[in-house]
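Below are the chains, spelled out letter by letter.
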Amino acid sequence: MAGERDIAIVIGTRPEAIKTAPLLLAGGHHPRLRLRLISTGQQPDYCRDALAEFGLVASHLLPAPRPGAALDMLVGHHARAIMRLLRRAPPALMLVQGDTSSALAGALAARALGVPLGHVEAGLRSGDLTAPWPEERNRRVIDALADLLFAPSVRAAARLAAEGHDRTRIHRTGNTGIDALLWMRARRGAVLHAPARRLILFTCHRRESFGAPLAAICAAVLRLAARGDVEILCPVHANPAAAAPIRALLGGRATIRLVAALPYSAMVDALAGAYLILTDSGGIQEEAAALGTPTLVLRRRTERPEVLAGGVALVGTDTDAIVAAAERLLDDPAHHRAMQKPAWPFGKGDAAGKILDHIEQYFSTGRLRDRPLLLGDDWTKDGAPKGA
Ligand SMILES: CC(=O)N[C@@H]1[C@@H](OP(=O)(O)OP(=O)(O)OC[C@H]2O[C@@H](n3ccc(=O)[nH]c3=O)[C@H](O)[C@@H]2O)O[C@H](CO)[C@@H](O)[C@@H]1O
């Protein structure tokens, strides 16, 4: 259509597919923006399956890197492939989501092509470059390269301002992961809680968990499984570095179900129906907070401290600490009820529409808003969030 702006969205992994789906759904019939998805091939099957859950297909699938390529080699591989695809007809704007190698590659390619860049989920920080690695590094670099910073929370927007980013580029939109969660929940049936044996949903796939931390986490899971009053469901990530030890340590137990990665629809059912969630995932922290499912985060650090006010607790990777926190939730109904508090620090599911509005404004005014978004009823004069 004449006058349409071409927006290229780069994705590479399952969470990126899930978190960009709402943008495609919201922008599907936009009169002035034409959105298309470029899948880098970092996790092609996960992306294809996750998009299919929303009735979506990527417009382009780039050649996958050779198996076993080192993580930082992926960035160069994906960036070159993106530039080869776009250099003859660069888009009006590129969007990347989150903090993966594909997201960093998309940001570098946008800069090399001279194309404006938007970052969805900008400003998440753990404050530790080693945890999570390389995501903390990736998102800091992407934010330094981006023209539009879509912050998922008040804290993330404040962090960007504190880092000196131009406040007129910072837009507090909420996270599209909540849009995806609510979209899927609206299409699923009522939540079925297992009356007799309570469901514990367990996922673990982060690089910094590999080795001793993962062994300690699995030792905690085995102790909980031995109680006899819980059923543990563990969707095993395709990454062999996570899958092999989990299968070796947890396989063959009657009360532990190891399954392949769940379709997003089934995952949302499990998140809503679980009595307790044990996870080192990032997105699941946001989803669990919104659903009010008590969750123990199996990490040293989280870039989502906003969720810790509700029913999500950071417990680390020590076996005894995980067992103690889980058993308190299993044996103290009042404590479990107190943790069943939905919290919405990452928005109410309208982030995609806000992002598209800001993109349109960027094009229509040719520059960003005059009045920095950070001043207003949520913010003090020096840009700190009120009550933070
Ligand atoms: C440092 C960090 O935290 N970075 C995060 C990381 O994503 P993550 O840690 O959230 O990754 P996963 O846990 O793999 O995916 C989670 C999604 O997948 C769904 N799911 C899970 C298991 C399954 O069997 N079936 C599913 O459907 C689940 O409900 C959820 O929506 O990278 C993203 C992209 O850059 C970032 O945005 C995000 O901050």
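The rules behind the values
Residues numbered from 1 in each chain as written. Predicted model: local features only at pLDDT ≥ 70, side-chain atom pairs only at ≥ 80, totals over all residues. Heavy atoms only, no water. Near = heavy atom within 4 Å. Polar contact = N/O pair within 3.5 Å; in protein donor to acceptor, adjacent residues only side chain to side chain. Areas by Shrake-Rupley, 256 points an atom, 1.4 Å probe, with all protein chains shown as cover. Helix = DSSP H or I, 4+ residues; strand = E, 2+ residues; numbered from the N terminus. Nonpolar A, V, L, I, M, F, W, Y, C, P; charged D, E, K, R; others polar. Buried < 20%, exposed > 50% of the residue type's maximum accessible area, 1.4 Å probe, protein only. Pairing = 2+ DSSP bridges. Right-handed = clockwise from strand over helix to strand, strands pointing away. Contact = heavy atoms within 4.5 Å. Axes fitted to C-alpha atoms, helices over the stretch in contact; angles between N-to-C directions. Parallel < 35°, antiparallel > 145°, perpendicular 65-115°, else oblique. Left-handed = near helix turned anticlockwise from the far one by under 90°.

## A short note on the site of the ligand
Right, on to step 1. Lining the immediate environment of the ligand, one finds 29 residues, of which Ser281, Gly283, Glu287, Arg299 and Arg304 sit closest.
Right, on to step 2. Note that an oxygen atom of the ligand is positioned 2.8 Å from one of the side-chain N or O atoms of glutamate 121.
Right, on to step 3. Take glutamate 287: an N or O atom from its side chain is 2.6 Å from an oxygen atom of the ligand.
Right, on to step 4. For the ligand, the protein covers 96% of the area, taking 780 Å² as the surface of the free molecule.
Right, on to step 5. When contributions to the shell around the ligand are tallied by element, the ones reaching two or more residues are helix 1 (14-27), helix 5 (135-145), helix 10 (264-273) and helix 11 (283-291).
Right, on to step 6. Broken down by element, the shell around the ligand gets its largest block of residues, 5 residues, from helix 1.
Right, on to step 7. Grouping the amino acids of the shell around the ligand by side-chain chemistry returns 10 nonpolar, 7 polar and 12 charged.

## What to know about the pairing of strand 11 (residues 276-279)
Right, on to step 1. Every second residue of strand 11 is oriented toward a common face, with Leu276 and Leu278 on one face and Ile277 and Thr279 on the other, all of them buried.
Right, on to step 2. Note that strand 8 (residues 198-203) and strand 11 share 4 bridges and pair parallel. Counterpart to phenylalanine 202 in the pairing with strand 11 is leucine 278.
Right, on to step 3. For strand 11 and strand 12 (residues 295-297), the ladder comprises 3 bridges, and the chain directions are parallel. Residue threonine 279 lies in a different strand from strand 12, and its bridge partner there is valine 297.
Right, on to step 4. The handedness of the strand 11 to strand 12 crossover, carried by helix 11, is right-handed.

## Quick word on the sheet that holds strand 2 (residues 33-39)
Right, on to step 1. Strand order across the open sheet formed by 7 strands is 3-2-1-4-5-6-7, with parallel pairing between neighbours. Looking along the sheet, the strands with just one partner apiece sit at the ends: strand 3 (60-61) and strand 7 (170-172).
Right, on to step 2. Two strands pair when backbone bridges link them, and strand 2 and strand 3 are joined in this way by 2 bridges, in the parallel orientation. From the neighbouring strand, serine 39 faces strand 3, where its bridge partner is leucine 61.
Right, on to step 3. Sheet strands touched by helix 5: strand 4 (93-97), strand 5 (117-120) and strand 6 (148-151). Its angle to strand 5, the strand with the most contacts, is close to 140°.

## Re the environment of phenylalanine 346
Right, on to step 1. With respect to the element layout, phenylalanine 346 can be found in the loop between helix 13 (333-339) and helix 14 (351-365).
Right, on to step 2. Overall, phenylalanine 346 belongs to the buried group, its relative accessible area being 2%.
Right, on to step 3. Sequence separation of phenylalanine 346 and arginine 172 is 174 residues, and the distance between their C-alpha atoms is 9.6 Å.
Right, on to step 4. Apart from residues lying up to four places away in sequence, phenylalanine 346 is in contact with Leu124, Pro152, Ser153, Gly174, Asn175, Ile178, Glu286, Arg304, Glu306 and Val307.

## Considering the environment of glycine 228
Right, on to step 1. Within the secondary structure, glycine 228 is located in the loop between helix 8 (212-225) and strand 9 (230-236).
Right, on to step 2. Each C-alpha atom of the pair glycine 228 and alanine 254 lies 9.5 Å from the other, and the pair is 26 residues apart in sequence.

## A few points about the sheet that holds strand 8
Right, on to step 1. As summarised here, the arrangement of the 6 strands in space is 10-9-8-11-12-13, forming an open sheet in which the pairing is parallel. Each edge of the open sheet carries a strand with a single partner, namely strand 10 (256-260) and strand 13 (312-314). Along the sheet, successive strands turn relative to each other by an average axial angle of 20°, direction set aside.
Right, on to step 2. As defined by bridge partners, strand 12 adjoins strand 13 across 3 bridges and the pair is classed as parallel. Bridge pairing links valine 297 to leucine 314 in strand 13.

## Describing the pairing of strand 8
Each regular strand carries side chains that alternate between the two faces of the sheet.
Right, on to step 1. Of all 6 residues that make up strand 8, 6 are buried, and the element is covered over most of its length.
Right, on to step 2. Residues Arg198, Ile200 and Phe202 of strand 8 are buried on one face, and the alternating residues Leu199, Leu201 and Thr203, pointing to the opposite face, are buried as well.
Right, on to step 3. Crossover connection from strand 8 via helix 8 to parallel strand 9: handedness right-handed.

## Let's talk about the packing of helix 1 against helix 2 (residues 44-52)
The relative placement of two packed helices comes down to the angle between their axes together with the axis-to-axis distance.
Right, on to step 1. Two elements in contact, helix 1 and helix 2, have axes whose closest approach is 8 Å; the angle formed by their N-to-C orientations is 25°. Considering their axes alone, helix 1 and helix 2 lie roughly parallel with respect to each other. Once helix 1 is placed against helix 2, the crossing between them reads as right-handed. In contact with Arg14, Ala17 and Ile18 of helix 1, helix 2 contributes Tyr46, Cys47, Ala50 and Leu51.

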